[in-house]
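Here are the chains, one letter per residue:
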Amino acid sequence: MGLHCIGSTPPWSPSTLEGENVSPKVGETARSAKGVFDGVKPKVTTIYSRGNEELLSKDVIRLAIVGSRRMSDYGRRVIEEWVPMLVQRGVVTVSGLMSGVDQRIHEETVVCGGGTIGIAGWGLDWSGDNNIVKLQTKIVQANGLILSEYKSDTVPQLWMYPARNRLVAWISDAVLVIEAGEKSGSIITANWAKKYNKKLLVVPGSVFSTVSKGANLLIKEGAVMVRNPGEVLSVISTTLSSRATPVIFPTSSRILGISGTTEAKRSGEIPLDSER
């Protein structure tokens, strides 16, 4: 049986999404994207942020986890059993806030007391999807971070989603694909990871599942197959071993009922000198 989050009551849980009266307008910072997003193409000139910008620090371990919007029970179980272990080791998750795997990643990370970054393909004050509005607010309330390259209440357009995916891959140290169809946003993110020379990890799936066809193809094409969170952590550690600053995997206080709390620092600015 996998590791699960127990102990203190989390600031929210997936079941509390419905029926809460929360506002997305909790403060937004717009600034130059120079530094953090240097090298991204198409170029990012301005980034809008809401939440804990310390999660963009160069000594934070960030893992993008993406997958199908039509998440299967298999994908859900992988998330529920793997994310607690990753959070326990101090990994910050990154995903795209959409239904399915993305939202489940953010939800599970927050419930486990970890840090998560959501990258939006719309303006941070867009209110067209109530579940997304609530999720964004809860992430910020839990010391997470929301980013967008689109101002204010910009309405999402289809082309914005693949554009958003390049940022998901860029700010992450590695990309993990849990489930993906052959022609899906997750494959686009995986291709951006290859372009940026980021480590690409993939969870193998059933040959009979349509949401695993793309994932299995990525493995065939050379992505690293991972079968448990230990293998994910091993790949991340190897990938980051060349960093000048030692990589430290702290233990989360909300895993396994360990007492104590960790107060995340809040920064007034995105660390523009971060080298990604």
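Residues numbered from 1 in each chain as written. Predicted model: local features only at pLDDT ≥ 70, side-chain atom pairs only at ≥ 80, totals over all residues. Heavy atoms only, no water.

## What to know about the layout of surface pockets
Part 1: Taken as a whole, the second largest pocket holds about 370 Å³ of empty space.
Part 2: Taken together, 23 residues line the second largest pocket, and the ones lying closest to its centre are G67, R69, S184, G185 and S186.
Part 3: Listed by contribution, the elements that provide at least two residues to the lining of the second largest pocket are helix 4 (160–170) and helix 5 (185–195).
Part 4: The element that contributes the greatest number of residues to the lining of the second largest pocket is helix 4, accounting for five residues.
Part 5: Residues of the lining of the second largest pocket, tallied by class, amount to seven nonpolar, eleven polar and five charged. (1 Å grid on protein atoms, 1.4 Å probe; cavity = no way out; pocket = protein on both sides within 12 Å on 5 of 7 lines; lining within 4 Å. Points joined across faces, edges and corners; volume = space filled by probe spheres on them. Helix = DSSP H or I, 4+ residues; strand = E, 2+ residues; numbered from the N terminus. Nonpolar A, V, L, I, M, F, W, Y, C, P; charged D, E, K, R; others polar.)

## What to know about the packing of aromatic side chains
The relation between two aromatic rings is expressed through the spacing of the ring centres and the mutual angle of the planes.
Part 1: Enumeration over the complete set of coordinates arrives at five aromatic pairs.
Part 2: Aromatic side chains Y150 and W159 sit 6.0 Å apart centroid to centroid with 85 degrees between the ring planes, which places their arrangement in the edge-to-face category.
Part 3: We classify Y150 as buried; its relative accessible area is 10%.
Part 4: Residue W159 is classed as exposed on the basis of its relative accessible area of 55%.
Part 5: With a centroid separation of 5.5 Å and 25 degrees between ring planes, the pair formed by W192 and Y196 is classed as stacked. Grouping residues by exposure puts W192 and Y196 together as buried. (Phe/Tyr/Trp six-rings, centres within 6.5 Å; stacked < 30°, edge-to-face > 60°. Buried < 20%, exposed > 50% of the residue type's maximum accessible area, 1.4 Å probe, protein only.)

## Considerations on the environment of V140
Part 1: Residue placement: V140 occurs in helix 3 (residues 130–141).
Part 2: For V140 and G118, which are 22 residues apart along the polypeptide, the C-alpha to C-alpha distance reads 9.6 Å.

## So, the confidence of the model for the chain
Part 1: Averaged over all residues, the pLDDT of the chain is 79; the fraction at 70 or higher stands at 74%.
Part 2: The low-confidence segment residues 6–26, where pLDDT is below 50, has 44 contacts with residues more than four positions distant or belonging to other chains.
Part 3: Considering only residues more than four positions removed or in separate chains, one finds that residues 244–276, a stretch of pLDDT under 50, has 88 contacts. (pLDDT = per-residue confidence, 0-100. Contact = heavy atoms within 4.5 Å.)

## Here we look at the packing of helix 1 (residues 73–88) against helix 2 (residues 101–111)
Part 1: Following both chains from N to C, one finds helix 1 and helix 2 inclined at 40 degrees, their axes separated by 9 Å at the closest point. It follows that helix 1 is oblique to helix 2 by the angle criterion. Seen along the crossing, helix 1 lies across helix 2 with a hand that is right-handed. Two secondary-structure elements touch here, helix 1 through R76, I79, E80, V83, P84 and V87 and helix 2 through V101, R104, I105, E108 and T109.
Part 2: A per-class count over the contact of helix 1 with helix 2 returns six nonpolar, one polar and four charged. (Axes fitted to C-alpha atoms, helices over the stretch in contact; angles between N-to-C directions. Parallel < 35°, antiparallel > 145°, perpendicular 65-115°, else oblique. Left-handed = near helix turned anticlockwise from the far one by under 90°.)

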